[in-house]
Amino acid sequence: MTAKKQSILSVRDLNIWYGDRQILGALSFEVQQKQVTALMGPANCGKSTLIRCFNRLNDFTPNFRFTGEILFKGNSLYAAQDAITVRKRIGMVFRRPTLFRGSIHENVAYAARISNVSRTSELNAIVEKNLRRTGLWNEVEGILDETPAQLSTGQRQLLCVARALTVEPEVLIFDEPCGELDPIETVKIETLMRELTNDYTLIFATNKRRQAARVSDVAGFLYGGELIEFGATERIFTNPQDSRTEQYVAGRMG
Amino acid sequence: MQSIALVVLGAVFVPVWHVLQKLYVSEVQVSSAARVSEPLSRPIGDLYFFLSISFLAIVFAVICAFYLEEWLRETNWVRRFIESLVGILSSVPSLLYGLLAIAIFLPYSGVFRTIEVPMAAENSDTVSLKTGTFQEDTTLFYIAVLTFIFLVMPRTIKTTQEALGAVPVPIREAAYALGANQWQVLMKHVVPLSFPRILAGACRAMSCALAAAALVVGICVWSRPAQSGQVSGRFMLFLGGALLLSILSSFLAERHPFVSTQYT
């Protein structure tokens, strides 16, 4: 955290509307490389809308429009690149672990298959590598060809992380990854997230302030469509500048 | 369970088929004297005609529904217009289609005139309206085709759209987030997940069309004094087909792959 970090994503004066309703207003911040950036805030404050902009999943939302710029390594996410390339470089893990039909192996090998990797040995190597990275390999090694139905929710979420890692993204977005998990499984995911910062940049939306405090290096507090405060997690939690942040951090609000 | 039910269904269908064939043979014997030029398999020909037309209509309707649901936004006026049209057409009872076809198109078709000719008196079934006479009268052929298309297409479009809308959004999003393009998402997720429902909807639409045809045939047969009391083979064939298809569709509708997968 002390080393000089490079900015990978920068948001400049971003405004988002659904139809005539403004969801987010005048956001500007930078996401540093190989750090966990947490966006916290109460439900319905626009966290998901914001992070879904980073891999352009909002393209499918009717009436979605925005002004401002999101730069990924200096290039505009929306103007300079097509959505599929963006999504391969900026992966995403959702709140609910959504797995596809088919076996565990097929689920993890999905992204490789759709990018025309078809040799079995290559696919096996990809599956093993990514399952090892998430620490799931030992648990599922024997049941790779079975459906994920027998896995617990936490294991499924880890499987989703492994699947998201197979595209070798540079940024990985977590949209409340522990929203449906129990405390032990949550710890596993949080530990994994800390380990992943060695190779990836993580953006992390959560409505649990303690989780943000545990996991993140940089935190932002979103409230009512505004970015109230953004800075190093330690400073946000120990010395908040805004009274609303202070209330939120202290647990008196949200 | 399903396989057992299908076996039972098959066991029931075989004797019915035999009865149909007997009826059909007797009918041919009655009519063969008058119609030497067209000796055999008029009901079967009707069925082929019916199947091919409705197959084309269904394929076109499914493509249409995919286009509406996957490529056009909900706010698009073309989509809204077609959807309201489909809504109106698909809520018309299928019997009404048959009756309307008779009421509107029969005066133009010249069938009344043919019936008055003594030789055509054996031509008892009005499905000749749909097929028997179409060789003689092209307008009639087009009318029958149009009736079928108007009956089958809106229903298929509607059920297909419902099936596509029922594919869970998280599955689509998860696939998109892994860098899949629209075609890959369609072919790998949307089509496999919605296929049973689409098929069920198509079967139901065909069943409606067959039932309407059977009703029209039945009305026309029984209203003719020379043939009253006698069941037409064609009527039985259509009725049997309608029943079979509706049962098939209920089987297919039971299979919801995405409702039963507990890990979505």
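Just so we're clear, the structure is a prediction, and the values are computed from it rather than from any experiment.

Just give me the short version of the overall build of chain A, but keep the residues and values in it.
Counting its secondary structure elements, chain A contains eleven helices and ten strands. Relative to a compact globule of 254 residues, whose C-alpha radius of gyration would be 18 Å, chain A shows 18 Å and is just as compact. Taken over 254 residues, chain A has a buried fraction of 43%. Sequence-distant contacts in chain A: of pairs separated by 6 or more residues, those separated by 24 or more amount to 68%.

Explain the overall build of chain B to me, and be specific about the residues and the numbers.
Within chain B, the secondary structure is distributed over ten helices and zero strands. Put simply, chain B has 264 residues, and 37% of those count as buried. The contacts of chain B with a sequence gap of at least 6 include a subset with a gap of at least 24, amounting to 80%.

Quick rundown of the interface of chain A and chain B? Include the residues and the values.
Counting residues at the interface gives 22 residues for chain A, matched by 19 residues for chain B. Of the residues assigned to the side of chain A that touches chain B, the class counts are 13 nonpolar, three polar and six charged.

Before we move on, can you summarise the sheet that holds strand β6 (residues 90-93) of chain A with the specific residues and values?
All names here are of chain A. In space, the six strands of this open sheet follow the order β6-β7-β8-β3-β9-β10, with mixed pairing throughout. Of all strands in the sheet, those with a lone pairing partner are β6 and β10 (226-232), marking the two edges. Neighbouring strand axes in the sheet, compared pairwise and without regard to direction, differ in orientation by 15° on average. Where strand β3 (residues 36-40) meets strand β9 (residues 218-223), four bridges bridge the pair, whose relative direction is parallel. Residue pairing in the sheet places Ala38 in a bridge with Ala219 of β9. Helix-sheet contacts for helix α8 (residues 183-196) involve β3, β7 (171-175) and β8 (201-206), and the interaxial angle to β8 is about 150°.

Outline the environment of Ala212 of chain A, listing residues and values.
Residues and elements named next belong to chain A. Positionally, Ala212 belongs in helix α9 (residues 209-215). Exposure remark for Ala212: the 25 C-beta atoms within 10 Å place this residue in the buried category. Sequence separation between Ala212 and Ala38 is 174 residues, and the spatial gap between their C-alpha atoms is 5.9 Å. Leaving out residues up to four positions away in the same chain, Ala212 has contacts with Ala38, Met40, Thr206, Ala219 and Thr233.

Account for the nonpolar core, with residues named and values stated.
Val152 and Ala209 of chain B are the most contacted members of the largest nonpolar core, which has 121 residues in total. Excluding its chain neighbours within four sequence positions, the residues that come into contact with Ala209 of chain B are Ser54, Ser94, Phe148, Leu151 and Val152 of chain B.

Break down the sheet that holds strand β5 (residues 75-76) of chain A for me, citing the residues and quoting the values.
Backbone-to-backbone hydrogen bonds pair the strands of a sheet. The strands run either parallel or antiparallel. Residues and elements named next belong to chain A. The four strands lie next to each other as β2-β1-β4-β5, forming an open sheet whose pairing is antiparallel. What marks the edges here is a single partner per strand, and that holds for β2 (21-32) and β5. Where strand β1 (residues 7-18) lies against strand β4 (residues 64-72), eight bridges are found, and the strand directions are antiparallel. Directly across from Leu9, in β4, lies its bridge partner Phe72. Helix α1 (residues 47-54) contacts β1, β2 and β4 of the sheet and is inclined by roughly 55° relative to β2.

Tell me what's going on with helix α7 (residues 169-177) of chain B, and back it up with residues and numbers.
All of the buried residues in α7 of chain B are Ile171, Arg172, Ala174, Ala175, Tyr176 and Ala177 of chain B. Within two residues after α7 of chain B, Gly179 of chain B carries a phi angle of roughly 90°, on the positive side.

Before we move on, can you summarise unusual backbone geometry with the specific residues and values?
Residues and elements named next belong to chain A. One non-glycine residue with positive phi stands out, namely Lys34, at about 55°. When you line up the elements, Lys34 lands in the loop between β2 and β3. One non-glycine residue, Arg56, lies in the positive phi region at around 60°. By secondary structure assignment, the location of Arg56 is in the loop between α1 and β4. Judged by the 21 C-beta atoms lying within 10 Å of it, Arg56 falls in the buried class.

Parameters at a glance
Each chain has its residues counted from 1, following the order in which its sequence is written. Chain letters and ligand numbers both follow the written order, the letters beginning at A and the numbers at 1. Per-residue local features are limited, in this predicted model, to residues with pLDDT of at least 70; the limit for side-chain atom pairs, both in listing and counting, is 80 or more; totals at the level of whole chains, interfaces and linings are taken over all residues. Only DSSP runs of H or I covering at least 4 residues are called helices, and only runs of E covering at least 2 are called strands; the numbering of each starts at the N terminus. Atoms counted for the radius of gyration: C-alpha only. Globule rule: 2.2 Å times residue count to the power 0.38. Counting other C-beta atoms within 10 Å of a residue's own tells you its class, since 20 or more makes it buried, 12 or fewer makes it exposed, and anything in between is partly exposed; those C-beta atoms are placed from the backbone. Remark: residues whose backbone-derived C-beta atoms lie within 7 Å of one another are considered to be in contact. Under the scheme applied here, ten amino acids are nonpolar (Ala, Val, Leu, Ile, Met, Phe, Trp, Tyr, Cys and Pro), four are charged (Asp, Glu, Lys and Arg), and all others, including Gly, are polar. If DSSP finds at least two bridges between two strands, the strands pair. The axes are straight lines fitted to the C-alpha atoms, using for helices just the contacting stretch, and the angles between their N-to-C directions are given from 0 to 180°. Buried Ala, Val, Leu, Ile, Met, Phe, Trp, Tyr and Cys residues whose C-beta atoms connect them within 7 Å together make up a nonpolar core.

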